[in-house]
Amino acid sequence: MRDLTAFTLAGYDKGRGPLVQALWFAVMNTVFMAWFTPARVRTALLRAFGADIGTGVLVRHRVRVLWPWKLTVGDHTWIGEGAWILNLEPVTLGAHVCVSQEALLCTGGHDHRAADFRYRNAPVTVDDGAWIAARATVLAGVTVGRCAVVGAGAVLHEDLPERTLHTADNRRRPVEEPA
């Protein structure tokens with residue numbers, strides 16, 4: 001039987017104090033996610049809150065980032081409209097990565113076997129040239145290999161080797177080279 005009253009934040013470090021967290025939420029929900037905010041302002045805001053952001057990064061509107069200080073983004077990476085980076089633990093996106101519309105990168109989870117439903121968090125890494133397609137989900141502890149593709153609507157719960165396509169019907173096959 002699950003006892004949710006026993007749940008604690010044991011072992012989870014948000015990385016910044018309550019004031020910085022509150023300030024980030026205020027900025028994220030008013031300016032950062034707004035359609036009228038230029039992409040260069042979004043990357044500047046992420047940097048101002050501690051994210052390590054490369055050059056030529058494009059962050060579209062309605063993107064949510066839980067903790068910018070736990071985010072690393074390589075050069076020329078795109079993060080599409082409505083993407084959600086739920087980074088209780090670090091998320092690392094390589095160079096030339098595409099995270100498409102409404103994709104979810106989720107570093108948090110719970111131990112379903114534990115009565116107190118304790119956290120089972122782990123980082124997410126997306127290597128250079130990979131693509132997380134629209135509404136795909138990458139779960140805690142997963143590494144997406146170089147030039148791999150997580151297909152639209154797919155859920156990825158284990159590492160994906162480089163140059164491999166993982167589809168929503170749980171199939172895998174090699175990725176063809178771009179023309």
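So, how was this worked out
- Residues numbered from 1 in each chain as written.
- Predicted model: local features only at pLDDT ≥ 70, side-chain atom pairs only at ≥ 80, totals over all residues.
- Heavy atoms only, no water.
- Pairing = 2+ DSSP bridges.
- Helix = DSSP H or I, 4+ residues; strand = E, 2+ residues; numbered from the N terminus.
- Axes fitted to C-alpha atoms, helices over the stretch in contact; angles between N-to-C directions.
- Parallel < 35°, antiparallel > 145°, perpendicular 65-115°, else oblique.
- Contact = heavy atoms within 4.5 Å.
- Nonpolar A, V, L, I, M, F, W, Y, C, P; charged D, E, K, R; others polar.
- Phe/Tyr/Trp six-rings, centres within 6.5 Å; stacked < 30°, edge-to-face > 60°.
- Lys NZ or Arg CZ within 6 Å of the ring centre and 35° of its normal.
- Polar contact = N/O pair within 3.5 Å; in protein donor to acceptor, adjacent residues only side chain to side chain.

**Student:** Any chance you could break down the sheet that holds strand β7 (residues 91-93) for me, citing the residues and the numbers?
**Tutor:** Overall, parallel pairing links the 5 strands, which are arranged β1-β4-β7-β10-β13 in an open sheet. Of all strands in the sheet, those bounded by a partner on one side alone are β1 (52-53) and β13 (143-144). The sheet contact formed by strand β10 (residues 124-126) and β13 spans 2 bridges and is parallel. Looking at β13, one finds that T125 is bridged to T143.

**Student:** Tell me about the packing of helix α1 (residues 18-32) against helix α2 (residues 39-48), and please be specific about residues and values.
**Tutor:** Direction vectors running N to C along α1 and α2 enclose 180°, while the axes themselves pass 12 Å from each other. By the angle between their axes, α1 is roughly antiparallel relative to α2. Contacts from W24, V27, V31 and F32 of α1 reach α2 at R42, L45 and L46. Of the residues contributing to the contact of α1 with α2, the split by class is 6 nonpolar, no polar and 1 charged.

**Student:** Describe the sheet that holds strand β5 (residues 78-79), with residues and values.
**Tutor:** Two strands in a sheet stick together by hydrogen bonds in their backbones, pointing the same way (parallel) or opposite ways (antiparallel). Spatial strand order, β2-β5-β8-β11-β14-β16-β17: 7 strands in an open sheet with mixed pairing. In this open sheet, the two edge strands, each paired with only one partner strand, are β2 (58-59) and β17 (172-174). Bridge count for strand β16 (residues 164-166) against β17 is 3 bridges, and the pairing is antiparallel. Across the sheet, H166 pairs through a bridge with R172, a residue of β17.

**Student:** Any details on the packing of aromatic side chains? Residues and values, ideally.
**Tutor:** One pass over the structure, following the stated rule, counts 7 aromatic pairs. Clustering of aromatic rings is evident, with ring pairs tying together F7, Y12 and Y119. In this arrangement the basic side chain of R64 is found over the ring face of W84, its NZ or CZ atom lying 3.8 Å from the centre.

**Student:** Just give me the short version of the environment of P161, but keep the residues and values in it.
**Tutor:** Relative to the elements of secondary structure, P161 occurs in the loop between β15 (155-156) and β16. P161 sits 111 residues away from G50 along the chain, and the two C-alpha atoms are 30 Å apart. When residues no more than four places from it in sequence are discounted, the contact partners of P161 are G145, A148 and R172.

**Student:** Can you lay out the side chain of D111 for me, pointing to particular residues and giving the numbers?
**Tutor:** Tracing the sequence through the fold places D111 in the loop between β9 (104-106) and β10. Among the polar contacts listed, one links the side chain of D111 to the backbone nitrogen of R113, at a separation of 2.9 Å. Apart from residues lying up to four places away in sequence, D111 is in contact with F117, R118 and R120.

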